[in-house]
Amino acid sequence: MSALFTGQLPLVRPGAGSEGGIPKGPSVVALGGGHGLAASLSALRLLTTELTAVVTVADDGGSSGRLRKDFGVLPPGDLRMALAALCDDTDWGRTWRDVMQHRFTSPTGMSGLENHAMGNLLIVTLWELLGDVVDGLRWAGALLGARGQVLPMSRVPLTIEGDVSVAAAGAHGGPARIETIRGQAACAVSGRLEEVRLIPGDAPACPETLSAIELADWVVLGPGSWYTSVLPHLLLPQLRQALTDTPARRCLTMNLTLDTRETTGMSAADHLRAIRRVAPEFMVDAVIADEASVEDRDEFASVAAELGAEVHFDRVRSSGQRSAHDPLRLAGAYHEVFTGGGPSRGGR
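On a predicted model such as this, the values are computed, not experimentally measured, just so you know.

Which residues make up the overall build of the protein, and what values go with them?
Scanning the protein from terminus to terminus reveals 14 helices and ten strands. Burial analysis of the protein (348 residues in total) assigns 51% to the buried set. When contacts within the protein are restricted to residue pairs at least 6 apart in sequence, long-range pairs at least 24 apart make up 71% of them. Entry remark: accessible area of the protein is about 15200 Å², with carbon and sulfur atoms responsible for 52%.

Below you can see the structure in the form of structure tokens.
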């Protein structure tokens, strides 16, 4: 192993954190994957430096899927996106964020690097040199000057398997049949999912993740693809138990767009019922929902109450993109929840 990696593990880039004056804030663990987790992290890093991202490791598509198959590693893509979201709004942070997100393209489209993200290659390189998943992510975070740390939900690559209700073909139709879809990429576009499972179902949770959840002040779940990024955290037995037993308070962040391919026809209340069905013992203190995304607020608030939660309606949507959270607005909503800033706005 190179001598470069024999010294003490750097936790932050020298000089990082000297700009911006971000207070230490509460200890927060945010769980999810992909763009949804990046949205919550972009907001939470404005409130605290004690931030841990816990990321799904079931992706099997694109660059992540290729690296997972070729090298037998965790899919690095969602981990990369979380690291990029924790970069500072400084020249250093913006530059490294863009480096991590850069994708290679060749004029012919035939290169072996085609569509690989630079950050994915960097993370896998660190894993190979260090021989440890968590250490590799910490070194990547130190290089980026990330405000917080990124951890996988498990050190074992996981597979998502889902059941989809398929209408019978033919002129007279007939009863729908259940079709099993395997793989996160396929499940995300397969149609409304009735149930999802993780394979292996008894995979161990990452020990560092369990410790972070136990020591947190707040745990934030969502937003993100409901069945393939949010619910998987409650499907892993050890992780579900940790989320249930933690003394931390729990906040659920709703999606802006509810009617996705995997949640076709589901209302906002149905999203909460899916949480209840997967982990009936899991309770929530607060639910943040965009004020324009929930149609039946009475039903939504009623189901949230079954989870033990108070609903906080707020405007957290970006003005320019209807399906994107605005980091400042979402940070304001989190701050109100974390500090107990009064009753929900626009509620019942």
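Moving on from the coordinates now.
Lay out helix 8 (residues 207-215) in plain terms, naming residues and giving numbers.
Among the residues making up helix 8, those that are buried are Thr 209, Ala 212 and Ile 213. Down the axis, helix 8 shows its buried residues gathered within 100° of arc, on one side only. Exposed and oriented more than 90 degrees from the buried face of helix 8 are Glu 214 and Leu 215. Of the surrounding elements, those touching the buried residues of helix 8 are strand 1 (28-32), strand 2 (51-55), strand 3 (149-152), strand 7 (218-221) and helix 11 (237-245).

Let's hear about the packing of helix 5 (residues 118-130) against helix 6 (residues 133-144): which residues, and what values?
The relative placement of two packed helices comes down to the angle between their axes together with the axis-to-axis distance. With their axes 8 Å apart at the nearest point, helix 5 and helix 6 run at an angle of 130° to one another. When the axis of helix 5 is compared with that of helix 6, the two are oblique. Here helix 5 runs over helix 6; the crossing is right-handed. Each of Leu 122, Ile 123, Leu 126, Trp 127 and Leu 130 in helix 5 lies in contact with helix 6, whose residues at this interface are Val 133, Asp 135, Gly 136, Leu 137, Trp 139, Ala 140 and Leu 143. Looking at the contact of helix 5 with helix 6, its residues break down into ten nonpolar, one polar and one charged.

Describe the sheet that holds strand 6 (residues 193-199), with residues and values.
Taking strand neighbours across the sheet as the criterion, the three strands line up as 5-4-6 in an open arrangement whose pairing is antiparallel. Each edge of the open sheet is held by one strand with a lone partner, namely strand 5 (177-182) and strand 6. For this sheet, the mean angle separating the axes of adjacent strands, direction not counted, is 20°. Relative to strand 6, strand 4 (residues 159-166) runs antiparallel, the two being bridged by six bridges. Counted as the bridge partner of Ile 160 is Leu 198 from strand 6.

If you had to explain the packing of aromatic side chains to someone new, which residues and values would you point to?
For the coordinates displayed, the defined rule picks out four aromatic pairs. Ring centres 5.9 Å apart and planes at 20° place the aromatic pair Tyr 334 and Phe 338 in the stacked group. In this pair, Tyr 334 and Phe 338 both sit in helix 14 (residues 327-338), four residues apart, roughly one turn of the helix. Across the pair, exposure class does not vary: Tyr 334 and Phe 338 are buried alike. Among the aromatic side chains, those forming a connected cluster through ring pairs are Trp 218, Tyr 334 and Phe 338. The ring of Phe 313 has Arg 297 sitting right over it, with the charged end atom 4.4 Å from the ring centre.

Tell me about the nonpolar core, residues and numbers included.
Nonpolar side chains tend to gather and get buried jointly when the protein is soluble and globular. Judged by nonpolar contacts, the single largest core of 102 residues is most densely connected at Met 254, Phe 300 and Tyr 334. In this view, Tyr 334 contacts Ser 40, Ala 43, Leu 44, Leu 47, Val 220, Gly 222, Cys 251, Thr 253 and Ile 288; residues no more than four positions away in its chain are not counted.

Tell me about the sheet that holds strand 1, residues and numbers included.
Strand pairing in a sheet relies on backbone hydrogen bonds. The paired strands run either parallel or antiparallel. If you trace the seven strands from one edge of the open sheet to the other, you get 3-2-1-7-8-9-10, paired in parallel fashion. Each edge of the sheet is formed by a strand with only one pairing partner; in this case those strands are strand 3 and strand 10 (310-314). Each strand axis lies, on average, 20° off the axis of its neighbour in the sheet, ignoring direction.

Which residues make up the side chain of Asp 78, and what values go with them?
Following the sequence through the fold, Asp 78 ends up in helix 3 (residues 77-85). Although buried, Asp 78 forms no salt bridge, and the nearest oppositely charged side chain, Arg 80, lies 7.0 Å from it. At 3.4 Å, the side chain of Asp 78 forms a polar contact with the side chain of Thr 56. Ignoring anything within four residues of it in the chain, the contact list for Asp 78 reads Gly 33, Gly 34, Val 55, Thr 56 and Gln 184.

A description of the confidence of the model for the protein should follow, citing residues and the corresponding values.
Of all residues in the protein, 87% have pLDDT values of 70 or greater, and the mean over the chain is 88. Segment residues 12-19: pLDDT under 50, and nine contacts once partners within four positions in sequence are set aside and those in other chains are kept. Across residues 342-348, where pLDDT falls below 50, the model places 19 contacts with residues more than four positions away in sequence or in other chains.

Account for helix 6, naming residues and giving values.
Counted at 1.5 Å a residue, the expected span for helix 6 with its twelve residues is 16 Å, and the 17 Å between its end C-alpha atoms agrees. For helix 6, the buried fraction is high: nine of the twelve residues fall into the buried class. Along helix 6, the residues that are buried comprise Val 133, Val 134, Gly 136, Leu 137, Trp 139, Ala 140, Gly 141, Ala 142 and Leu 144. Looking at the buried residues of helix 6, the elements they touch are helix 3, helix 4 (91-101), helix 5, strand 3 and helix 8.

If you had to explain the pattern of salt bridges to someone new, which residues and values would you point to?
Counted according to the given criterion, the structure contains 16 salt bridges. In this structure, Glu 161 engages Arg 182 in a salt bridge whose closest nitrogen and oxygen atoms are separated by 3.3 Å. Here Glu 161 is found in strand 4, whereas its partner Arg 182 is found in strand 5, with 21 residues between them in sequence. Taking the relative accessible area as the measure of exposure, Glu 161 reaches 16% and is therefore buried. Close ionic contact of Asp 290 with Arg 317 constitutes a salt bridge, the shortest N to O distance being 3.2 Å. Taken as a pair, Asp 290 in strand 9 (residues 286-290) and Arg 317 in the loop between strand 10 and helix 14 lie far apart in primary sequence, 27 residues in all. The buried category is assigned to Asp 290, whose relative accessible area is 4%. Residue classification places Arg 317 among the buried residues on the basis of a relative accessible area of 10%. Each member of the salt-bridge network shares a partner with another, and the members are Glu 161, Asp 163, Arg 182, Glu 195 and Arg 197.

What counts and how
- Residues numbered from 1 in each chain as written.
- Predicted model: local features only at pLDDT ≥ 70, side-chain atom pairs only at ≥ 80, totals over all residues.
- Heavy atoms only, no water.
- Helix = DSSP H or I, 4+ residues; strand = E, 2+ residues; numbered from the N terminus.
- Buried < 20%, exposed > 50% of the residue type's maximum accessible area, 1.4 Å probe, protein only.
- Contact = heavy atoms within 4.5 Å.
- Areas by Shrake-Rupley, 256 points an atom, 1.4 Å probe, with all protein chains shown as cover.
- Arc of directions from axis to C-beta.
- Axes fitted to C-alpha atoms, helices over the stretch in contact; angles between N-to-C directions.
- Parallel < 35°, antiparallel > 145°, perpendicular 65-115°, else oblique.
- Left-handed = near helix turned anticlockwise from the far one by under 90°.
- Nonpolar A, V, L, I, M, F, W, Y, C, P; charged D, E, K, R; others polar.
- Pairing = 2+ DSSP bridges.
- Phe/Tyr/Trp six-rings, centres within 6.5 Å; stacked < 30°, edge-to-face > 60°.
- Lys NZ or Arg CZ within 6 Å of the ring centre and 35° of its normal.
- Core = buried A, V, L, I, M, F, W, Y, C linked by side-chain atoms within 4.5 Å.
- Lys, Arg positive; Asp, Glu negative; His and termini not counted.
- Salt bridge = Lys/Arg side-chain N within 4 Å of Asp/Glu carboxyl O.
- Polar contact = N/O pair within 3.5 Å; in protein donor to acceptor, adjacent residues only side chain to side chain.
- pLDDT = per-residue confidence, 0-100.
- Expected span 1.5 Å × (residues − 1).

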